Amino acid sequence: MKFHHKKNPEEAHFIDKQFYLDSSIFEKSIEKIFRTNPIYIGHLSSLNSDSNLIPKSIYPNLLDKEIILKFDLGKLSQILSNVCTHRAHLLLDKKCSKQTIQCPYHGRTFTNTGKLKNAPGFDGKLDYLKTHENLSEYSFLNFGNFYFLTFQKHHLKDIIGNFHKKLDWYPFDKLQPDENFVQEFTINAHWALYVENYLEGFHIPYIHKGLAQEINLQDYNVEILPKGTLQTANGKTNENTFSQFGNVTVEYTNLAAIYLWIYPNIMLNIYPWGVSVNIIIPQHKEKTIIRYETFVFNSENKKSGAGGDLGTVEMEDQNAILKVQKGLKSSTYNPGRISTKHELG
């Protein structure tokens, strides 16, 4: 089955409901969508340590990527495969600082930059192996000390255009993990329903009564980026806006929140008090993990404004998404038209 979209938004409908309901389509979408687009790694403040090598599993049971994050001078410098090129044994199972990485299975060794050093049992063939069996290396992007793995070399402008240049006033480097900064929720719904809900503010006055009191919905704006969207909302007062930053540009002074979505499953919610990250991880066609990571400037300061009650907003969203998942199964439902005013994302 092929899924088409109208080039003219005025003629566009929501996607065929089989995209959300068919298991084979789900499997194909994972392969075509998630294996070719940026993957969230984390913020520097939650990754860096005294160790220069940190193993990490990426999307277990989905992509099953096993990687090593290599740090130099406090910055991420390389992302290497954590899988030995001999028999696929994992090389590291905990963070460490080493110049040489040795596979615990058959003793093969690599430099901490991924180059093969020695291969027991392969006398006379080492030169060949050094050419063909080094550790794979991945490209990555850095936006405000948030790192993203990519399967091919990209520039930030290829993903979010020039948006990153507009936020040089925001002190991303001051962010620190909040207390209990990671939370995970499991929802029995298709991953794309959660994403689609995020991509529009149309539902806010109906689903999020509290949030609607904080932002001016008349000024709610959606901008399409090369591989993402940008949603912005003005605060109803100046109390919880970016005006508290002395060097903020005029364009962002009165905003209460900036919602950045990076295709297909990364959401960075930027507030005056810090940043909340949502990572949407499909498990199967009706099961999705929502991973929250929260970073703040001061853990003692109360979160307020548009991002002041994230837990309530999350539960309100999940309740709506579960009802959409159920409604999609109705034989009488056919995809409706998209509102170009409210659902451009």
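Going by the structure above, here's the rest.
Residues numbered from 1 in each chain as written. Predicted model: local features only at pLDDT ≥ 70, side-chain atom pairs only at ≥ 80, totals over all residues. Heavy atoms only, no water.

Draft legend 1. Region of the structure containing the pairing of strand E15 (residues 274-284). Burial analysis of E15 places nine of its eleven residues in the buried class, which makes it a mostly covered element. As paired strands, strand E14 (residues 266-271) and E15 are joined by six bridges and run antiparallel to one another. From the neighbouring strand, Met-267 faces E15, where its bridge partner is Asn-278. Bridge count between E15 and strand E16 (residues 287-296): ten bridges; the pairing is antiparallel. The residue of E16 that forms the bridge with Pro-282 is Thr-288. (Buried < 20%, exposed > 50% of the residue type's maximum accessible area, 1.4 Å probe, protein only. Helix = DSSP H or I, 4+ residues; strand = E, 2+ residues; numbered from the N terminus. Pairing = 2+ DSSP bridges.)

Draft legend 2. Expanded view of the sheet that holds E16. Taken in spatial order, the seven strands make up an open sheet running E10-E16-E15-E14-E13-E12-E11, and their pairing is antiparallel. Strand pairing shows two members of the sheet lacking a second neighbour, strand E10 (176-187) and strand E11 (215-225), which therefore form its edges. Between one strand and the next, the sheet's axes are offset by a mean angle of 15°, whatever the strand orientation. Across the face of the sheet, helix H9 (residues 310-328) comes into contact with E10, E14, E15 and E16 while running at roughly 15° to E10. (Axes fitted to C-alpha atoms, helices over the stretch in contact; angles between N-to-C directions. Contact = heavy atoms within 4.5 Å.)

Draft legend 3. Structural view of the state of the cysteines. For the structure on display, the rule yields zero disulfides. No disulfide involves Cys-84; its sulfur sits 3.8 Å from that of Cys-103, the nearest cysteine. On the basis of relative accessibility, which here comes to 5%, the residue Cys-84 falls in the buried class. (Disulfide = S-S within 2.5 Å.)

Draft legend 4. Region of the structure containing H9. Relative to the 27 Å expected for 19 residues at 1.5 Å per residue, H9 spans 27 Å between its end C-alpha atoms, a close match to the ideal helical length. Burial in H9 covers these residues: Leu-310, Val-313, Glu-314, Asp-317, Gln-318, Ala-320, Ile-321, Gln-325 and Leu-328. (Expected span 1.5 Å × (residues − 1).)

Draft legend 5. Focus on the packing of helix H6 (residues 191-198) against H9. Where H6 contacts H9, the two axes come as close as 10 Å, and the packing angle between them is 125°. As judged from the angle between their axes, H6 and H9 are oblique. Seen along the crossing, H6 lies across H9 with a hand that is right-handed. In contact with Leu-193, Tyr-194 and Asn-197 of H6, H9 contributes Glu-314, Asp-317, Ile-321, Val-324, Gln-325 and Leu-328. (Parallel < 35°, antiparallel > 145°, perpendicular 65-115°, else oblique. Left-handed = near helix turned anticlockwise from the far one by under 90°.)

Draft legend 6. Structural view of the sheet that holds strand E3 (residues 65-72). Here six strands make up an open sheet; going across it, the order is E1-E9-E8-E4-E3-E2 and the pairing antiparallel. Since the sheet does not close on itself, it has two edges, and those belong to strand E1 (39-43) and strand E2 (53-58), each with one partner. For this sheet, the mean inter-axis angle between neighbouring strands, taken without regard to orientation, is 30°. Both E1 and strand E9 (residues 146-150) contribute to a ladder of four bridges, which runs antiparallel. In the sheet register, Tyr-40 faces E9, and the bridge partner there is Phe-148.

Draft legend 7. Spotlight on the nonpolar core. Residues Phe-143, Phe-146 and Trp-191 are the most contacted members of the largest nonpolar core, which totals 89 residues. Tallying contributions element by element places strand E13 (residues 255-262) first for this core, with eight residues. With near-sequence residues (within four places) excluded, Phe-143 lies in contact with Phe-148, Leu-156, Ile-160, Phe-163, His-164, Leu-167, Phe-172, Leu-260 and Leu-268. Counting residues in hydrophobic clusters, the runner-up holds 14 residues, among them Leu-53, Leu-80, Leu-91 and Leu-92. (Core = buried A, V, L, I, M, F, W, Y, C linked by side-chain atoms within 4.5 Å.)

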